[in-house]
Amino acid sequence: MILIDGHSLTLKEIEEIGLRYQCVSISDPAVSLMKQSSSYIEKLLSTDEIVYGINTGFGKLSNTIIPMDRLSELQENLIRSHAVSVGDAFSEDIIRAMMLIRMNTLIKGYSAIRFETVKLLQDLLNQQIYPWIPQFGSLGASGDLSPLAHLALILMGEGYVMEAGKRVSSAEKLTRLGLNPVSLMPKEGLALINGTSLSSGWFSILLLRTRNILYAALSALLLSLEAHGACKAAFSGLIHTVKPHSGQRMLAQIISDSLEDSQLIDSSGRVQDPYSFRCIPQIIGPILDIFEYAKNVNQIEINSATDNPLVFPEHNQVLSGGNFHAQSIAFPADFLSIALQVLGEISERRINHLLDPNLNSPLSPFLAKDPGLQSGLMIMQYTCAALVSQNKTLVFPASATSVPVSGNQEDLVSQAPNACFKLESILKNLSQIISMELICSAQALDQRGVDKAGRVARGIYQKVRSKVVYATADRSLSDEIMSLSAEVISGSFSSLLPFDII
């Protein structure tokens, strides 16, 4: 059981809850804060004060005053009207992360939502009941309104939940579980949907996938350096001390330490290597820095109050602002997409060097056992080139565009969910590119002599060989690439590296 308090949620806890089904409990101080803010709204409604989203319409309709006896209807209509997303449903891990982060936001005590409403969300998460939420509908404007509305529907006993891969009526599911839907009180509907929980939940899961892929990418480049007989001088601490970017220095040290006991390094007779080998710290080091930046931004976001308006009982104020805006997620998601495209590109370049007979001496052409009669791994580079090319089409920043909505009231939107969608596609392609580099470098090491490689490289090699056997004859490698890609995404390569980079 993981305790959440609205202030200290971590990416590691999102991993435990989102991917490993740990249950969630809410701290007692957070419960008290929720009760305090919801009571404040009750008192406010006993006056004649007009407050956005509580007794007014929404967005462009914010100047419309709603009668007291229709305030619950206002909140429920808000949920129903906003649940218009389309497309395939989100995966379970993203939904769990979204539900968790929404809870963590609401329990901060600035959203004026009742504990009873959040408790139902907690019960659903802990019993592994997930809303059916289509992927497309949010601009990250006024938060993730449409996806979160699909979540709020099931709290009202409407909409759909997922069961055994199919969508079923939430009312039917709640009845079977003995759970009662809630009638939304003033402010609660807006509190449930007005925030960045889908964007930050999606981004959190993608950060976890990125971490796993980075470990696999480091494993692949270590194998490739060994197979290439690379020059170790490029990783000397003296070089990287005089350009002391943290990611660059760290990566150069990791590579230098990992190659220390290799008999293959410096065996080529070359004075220097191509950039895709020689400049690894300068190219991939900044990717590690960008990843660290993205994690730090996300850490702030998942512990923030992203509702509007926000309730400050201790200051006797309800303030309307823009914390729902997801620009803080859109930018790092776009930055990371650009960086990871380069990670795939440098991987493809190393693959090409290991295969091309004009570049890969003393290895066989295309790493074939019988070149000419066999094509070896030639076409693997074609597939990598296709994936790299597709990733290049995906890196145009979603955050560089905006389509005004709500009668121009919401006139500049973040596009954070679209940035996450592109990042997810890039990560999938990248996992396959990295898998192919692992296969090619393992094949090359077989020709160079695995026993001459360093200890770290031998461990990585054995992992690859547990999924993909040496190609003594031409065969289709598609299934083996996909199998290894699943290992890359799962994070199984992280345990093979004797250091913690992330």
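This text goes with the structure placed above it.
Residues numbered from 1 in each chain as written. Predicted model: local features only at pLDDT ≥ 70, side-chain atom pairs only at ≥ 80, totals over all residues. Heavy atoms only, no water.

Draft legend 1. Summary view of the pattern of salt bridges. This structure, assessed with the given rule, holds 27 salt bridges. Between Lys-232 and Glu-260 there is a salt bridge, and its shortest N-O distance comes to 2.9 Å. Separated by 28 residues along the polypeptide, Lys-232 in the loop between α9 (197-228) and α10 (237-241) and Glu-260 in the loop between α11 (246-258) and α12 (275-278) bring together distant segments of the chain. Here Lys-232 falls in the buried class, since its relative accessible area comes to 18%. A residue is classified by how much of its surface remains accessible, and Glu-260, at 56% relative accessible area, is exposed. (Salt bridge = Lys/Arg side-chain N within 4 Å of Asp/Glu carboxyl O. Helix = DSSP H or I, 4+ residues; strand = E, 2+ residues; numbered from the N terminus. Buried < 20%, exposed > 50% of the residue type's maximum accessible area, 1.4 Å probe, protein only.)

Draft legend 2. Layout of the nonpolar core. Grouped together as the largest cluster of nonpolar side chains are 155 residues, with contacts concentrated most on Leu-225 and Leu-438. With 19 residues, the top contributor of residues to this core is α9. (Core = buried A, V, L, I, M, F, W, Y, C linked by side-chain atoms within 4.5 Å.)

Draft legend 3. Structural view of the sheet that holds strand β6 (residues 160-163). With antiparallel pairing, the three strands of this open sheet are ordered in space as β4-β6-β7. Sheet topology places β4 (130-131) and β7 (166-169) at the edges, where each strand pairs with a single neighbour. Direction of pairing for β6 relative to β7: antiparallel, over a ladder of four bridges. Residue pairing for β7: Val-161 is matched across the bridge by Val-168. Where helix α7 (residues 170-177) meets the sheet, its contacts fall on β6 and β7, and the angle it forms with β7 comes to roughly 75°. (Pairing = 2+ DSSP bridges. Contact = heavy atoms within 4.5 Å. Axes fitted to C-alpha atoms, helices over the stretch in contact; angles between N-to-C directions.)

Draft legend 4. Representation of the environment of Pro-67. When you line up the elements, Pro-67 lands in the loop between α2 (28-45) and α3 (71-82). Here Pro-67 falls in the partly exposed class, since its relative accessible area comes to 44%. Through-space distance from the C-alpha of Pro-67 to that of Lys-119 is 28 Å; in sequence the pair is 52 residues apart.

Draft legend 5. Focus on the side chain of His-228. Counting through the fold element by element, His-228 comes out in helix α9. Reaching out from His-228, the side chain makes a polar contact with the side chain of Asp-273 at a distance of 3.4 Å. Leaving out residues up to four positions away in the same chain, His-228 has contacts with Ser-268, Arg-270, Asp-273, Pro-274, Phe-277, Leu-354 and Arg-448. (Polar contact = N/O pair within 3.5 Å; in protein donor to acceptor, adjacent residues only side chain to side chain.)

Draft legend 6. Quick peek at the packing of aromatic side chains. On inspection of all chains with the given rule, the structure shows six aromatic pairs. A centroid spacing of 6.0 Å and a plane angle of 85° characterise the contact between Trp-132 and Tyr-160, whose relative ring orientation is edge-to-face. Taken together, the residues Trp-132 in the loop between β4 and β5 (134-136) and Tyr-160 in strand β6 connect sequence positions 28 residues apart. Relative accessible area serves as the criterion here: at 35%, Tyr-160 is assigned to the partly exposed category. Lying over the aromatic face of Trp-132, Arg-167 brings its terminal NZ or CZ to 4.3 Å of the ring centre. Seen from the ring of Tyr-160, Arg-167 lies directly overhead, with NZ or CZ sitting 4.0 Å from the centre. (Phe/Tyr/Trp six-rings, centres within 6.5 Å; stacked < 30°, edge-to-face > 60°. Lys NZ or Arg CZ within 6 Å of the ring centre and 35° of its normal.)

Draft legend 7. Representation of helix α5 (residues 115-126). Compared with the 16 Å implied by 1.5 Å per residue over twelve residues, the 16 Å span of α5 between its first and last C-alpha is a close match. Turning to α5, its buried residues number three or more, namely Thr-117, Val-118, Leu-120, Leu-121, Gln-122, Asp-123, Leu-124 and Leu-125. Phi for Gln-128, located one or two positions after α5, is positive at around 60°. (Expected span 1.5 Å × (residues − 1).)

Draft legend 8. Structural context of the packing of helix α16 (residues 416-448) against helix α17 (residues 455-465). It is at 10 Å that the axes of α16 and α17 come closest, and there the two elements cross at 115°. Judged by the angle between their axes, α16 and α17 are roughly perpendicular. When the axes of α16 and α17 are compared, the crossing they make is left-handed. Side by side, α16 and α17 meet where Leu-438, Ile-439, Ala-442, Gln-443, Leu-445 and Asp-446 of the first sit next to Ile-460, Tyr-461, Val-464 and Arg-465 of the second. Looking at the contact of α16 with α17 residue by residue, the classes come out as seven nonpolar, one polar and two charged. (Parallel < 35°, antiparallel > 145°, perpendicular 65-115°, else oblique. Left-handed = near helix turned anticlockwise from the far one by under 90°. Nonpolar A, V, L, I, M, F, W, Y, C, P; charged D, E, K, R; others polar.)

Draft legend 9. Spatial organisation of a nonpolar patch on the surface. A cluster of nonpolar residues, Tyr-293, Phe-331 and Phe-335, forms a patch on the protein surface that exposes about 270 Å² of accessible area. Looking at the secondary structure, you find Phe-331 in helix α14 (residues 327-355). The class of Phe-331 is partly exposed, set by a relative accessible area of 36%. (Patch = residues over 30% accessible without salt bridge, like charges linked within 9 Å, V, L, I, M, F, W, Y side chains within 5 Å. Areas by Shrake-Rupley, 256 points an atom, 1.4 Å probe, with all protein chains shown as cover.)

Draft legend 10. Summary view of helix α4 (residues 92-106). Compared with the 21 Å implied by 1.5 Å per residue over 15 residues, the 21 Å span of α4 between its first and last C-alpha is a close match. For α4, a buried count of 14 out of 15 residues is recorded, marking the element as mostly surrounded by other parts of the structure.

Draft legend 11. Layout of the packing of α5 against helix α6 (residues 145-155). One way to put it is that α5 packs onto α6 with a least axis distance of 10 Å and a crossing angle of 95°. Comparing their axes, α6 and α5 come out roughly perpendicular. Between α5 and α6, the residues in contact are Thr-117, Leu-120, Leu-121 and Leu-124 and Leu-151, Ile-154 and Leu-155, respectively.

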